[in-house]
Amino acid sequence: MTGGRPRAVVLGGTEFVGRHVADAFVGRDVLPVARRAPASPLRHRFTALDLGGTDPGTLAWLLDAEDPVAVVDSTGSSWGLDPGRTAECCTRLVHLGSVREFGPQPADPRRTPTPDTAYGRAKLAVLAAADAGDVDAVVLCLVNVFGPGLPARRRSAGGPAATCARRSPTSGTTSCSGTPATGSRRRCAAASTGVVAPVRAANRQVARPASPARRFGVGRAASVIGRAGVMRVLFMPGPAIGHAFPLVPLGWAFRAAGHEVVFVTAGDALAVARAGLPVLDAVPGRTTSDMQAQFVRDVPRLFEPIGADPIGGMEERKPYIVAAWDPFVDAHVALGEWVQPDLVVYDPIFAVGPVVAARLKVPAVAHSLGLARFTPDLLRELPGAVAMRRHGVTLPEGIRTVDIAPPSLVEGGPAEISMRYVPYNGGGVLPEWLREPVARPRIAVTFGTLGGPDRFVAGIARVLAAAPGLDAEFVLAIGESAAPADLPPNVRTTGWVPLNQLLRGCAAAIHHGGDGTTLTCAALGVRQLVLPGSPDELVTGELLRARGLAHVLDSVDELDAAAIGRLLTDTELGRVTGEVRAEIAALPSPAEVVPRLAAPA
């Protein structure tokens with residue numbers, strides 16, 4: 001961020017603790033100050049200042065110039081800067097103390113502090129000034145701080161909770177947790193996964209006590225995820241609507257649970273912004289259509305006929321499909337690292353999620369897109385592992401997969417977590433005719449978002465030829481500009497209408513076998529007639545055929561009045577359709593899955 005008045009200056013804002021503190025002020029202007037910028041990008045503007053080697057007056061000048069609301073001191077010490085002078089420069093001084101204030105370790109917190117290092121003496125000086133009433137400050141004693149990004153040299157086998165106390169001649173001993181209460185200057189805290197909760201709380205509390213307060217007690221380990229609701233979840237779908245929209249309901253669920261959500265994607269998938277979710281464009285200026293054209297040019301074998309065994313043929317192609325996305329991986333990785341997530345949820349066809357998770361050492365979750373299974377193991381060996389090798393990382397262990405296809409339908413059986421498919425097909429103003437009573441069966445006709453009009457010309461022509469002989473109403477969801485002239489009276493066209501809204505009034509759908517269309521029909525109990533074309537659609541068609549959930553055509557010539565009539569009257573198809581709808585409805589909702597994903601694997 002640039003311009004405006006900073007919400008906070010964070011001294012030592014690029015190290016483990018300081019970086020978490022700076023990120024706790026998300027949505028506000030923050031200025032980290034440290035000796036040097038970190039290797040990975042910061043989410044804030046930055047000032048380089050060696051606090052251990054510069055004149056204290058220089059820091060005082062910086063604070064005067066920035067005029068911050070708060071200063072958070074997360075350095076080893078401010079090395080000579082008068083804490084009173086620091087407090088004069090802001091509304092609130094938040095000082096991060098240390099157990100080293102009490103002396104050699106292990107220290108007895110019941111005795112008078114006798115620090116034996118310059119670090120401990122500097123920390124104690126600020127605490128003493130706050131206790132004496134010389135400065136209005138919040139002092140947070142942080143002990144055994146753990147969390148994402150903890151340097152290896154600071155990891156230990158000891159427990160995350162530790163004692164943090166001080167002797168008082170009048171008050172005895174009072175227990176305190178990591179969240180300060182209104183009006184107290186002295187606070188003790190020990191956090192197992194970071195210091196975000198106490199820092200945010202300190203920033204909210206601006207009431208000043210009438211006299212200095214002395215507090216001592218025992219800090220308790222507190223999970224930032226569980227207590228503060230500040231988990232930052234990064235969603236990384238492939239740059240296409242069909243890859244991004246299935247992830248939206250889980251993104252909403254994380255947001256509703258109080259977590260931060262950011263999407264990093266590109267092309268047509270940027271439409272997730274219309275779902276109210278923040279999104280970063282990794283490949284500005286590129287559309288999904290021209291990326292697909294690049295695939296056809298660079299990896300033509302992926303678009304060749306797949307043969308008589310679509311599932312077996314696709315299994316051989318899967319590593320090459322993952323590798324085909326590689327030209328767009330690095331741009332996504334750069335933005336993913338900038339976000340600094342606590343959890344990465346990714347499209348398993350796009351290798352970028354595990355790369356980011358491995359580089360940042362955070363958990364990753366694969367979010368399926370449909371019926372076909374792309375396992376994380378595709379990223380262990382070349383060609384699927386090309387991005388992992390280039391970035392010098394290996395596939396993180398313990399990646400969980402969230403299935404949105406019901407267990408009876410998904411390829412290879414269910415994954416670790418099955419989640420109810422919640423249709424999201426974008427928003428829009430619904431046409432008035434959708435509210436009109438349906439006098440006869442309504443059949444939706446759609447052939448997806450990719451490929452353009454040429455893709456469905458033959459199928460549409462067959463539907464228009466069959467329509468006059470059928471007692472049904474047809475809705476062509478192909479865009480009014482692409483509609484043929486002289487439509488039969490029982491056929492209408494429509495522009496963009498959210499597919500789930502259109503299908504709610506439909507008895508059946510004729511479509512191409514795309515994952516989104518297939519699962520939306522299944523979730524709403526709509527009969528399906530599928531005319532697959534691309535290799536992935538042929539796989540979906542085979543899985544639908546095996547479950548008995550659709551009539552699957554092998555050729556466009558089979559699409560006629562008789563085929564459409566059977567679609568409406570087949571009792572077995574109706575039974576299976578109702579059965580799968582009930583199966584989907586019984587699965588855990590996205591809101592119920594969020595706690596499982598937020599918990600350690």
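Residues numbered from 1 in each chain as written. Predicted model: local features only at pLDDT ≥ 70, side-chain atom pairs only at ≥ 80, totals over all residues. Heavy atoms only, no water.

1. What about the overall build of the protein chain?
Looking only at helices and strands, one finds 20 helices and 22 strands in the protein chain. Sorting the 601 residues of the protein chain into buried and exposed places 55% on the buried side. For the protein chain, the share of sequence-separated contacts (at least 6 apart) that also reach a separation of at least 24 residues comes to 64%. Roughly 24900 Å² of accessible area belongs to the protein chain as shown, and the carbon and sulfur atoms make up 53% of that amount. (Helix = DSSP H or I, 4+ residues; strand = E, 2+ residues; numbered from the N terminus. Buried < 20%, exposed > 50% of the residue type's maximum accessible area, 1.4 Å probe, protein only. Contact = heavy atoms within 4.5 Å. Areas by Shrake-Rupley, 256 points an atom, 1.4 Å probe, with all protein chains shown as cover.)

2. A look at helix α16 (residues 515-524)
The element α16 is extensively covered by neighbouring structure, given that 8 of its 10 residues are classed as buried. By the burial criterion, the buried members of α16 are T517, T518, L519, T520, C521, A522, A523 and L524. Contacts made by the buried residues of α16 are with α15 (499-503), β20 (508-511), β21 (527-530), α17 (535-547) and α19 (571-585). Positioned one or two residues after α16, G525 has a phi angle of 70°, which is positive.

3. Quick word on the sheet that holds β21
Ordered by their spatial adjacency, 6 strands build an open sheet running β19-β18-β17-β20-β21-β22, and the pairing between neighbours is parallel. With one partner strand each, in any of the chains shown, β19 (491-493) and β22 (551-552) form the two edges of the open sheet. Bridge count between strand β18 (residues 473-476) and β19: 3 bridges; the pairing is parallel. Across the sheet, L476 pairs through a bridge with T493, a residue of β19. The strands touched by helix α18 (residues 561-569) are β17 (442-445), β18, β20, β21 and β22; relative to β21, the strand with the most contacts, the crossing angle is about 155°. (Pairing = 2+ DSSP bridges. Axes fitted to C-alpha atoms, helices over the stretch in contact; angles between N-to-C directions.)

4. Some words on the pattern of salt bridges
By the definition in use, this model includes 21 salt bridges. For E315, the salt bridge identified is with K318, shortest N-O distance 3.0 Å. A residue pair is termed a helical-turn pair when its members lie 3 or 4 positions apart in one helix, as E315 and K318 do in helix α10 (residues 310-324) at 3 residues. Salt bridges sharing common partners tie together R547, E572, R575 and E579. (Salt bridge = Lys/Arg side-chain N within 4 Å of Asp/Glu carboxyl O.)

5. Here's the deal with the nonpolar core
Core analysis: the largest hydrophobic core is formed by 92 residues, its most contacted members being F235, F254 and L597. In terms of residue count, helix α12 (residues 352-360) provides more of this core than any other element does, 6 residues in total. Ignoring any residue separated from it by four or fewer positions in sequence, one finds F254 in contact with V233, F235, H259, V261, L343, V594 and L597. Listed in part, the 24 residues of the second largest apolar core include V445, F447, A467 and A472. (Core = buried A, V, L, I, M, F, W, Y, C linked by side-chain atoms within 4.5 Å.)

6. Some words on the state of the cysteines
Evaluation of the coordinates by the stated rule reveals 0 disulfides. For C521, which is in no disulfide, the shortest distance to another cysteine sulfur is to C506 and amounts to 8.4 Å. (Disulfide = S-S within 2.5 Å.)

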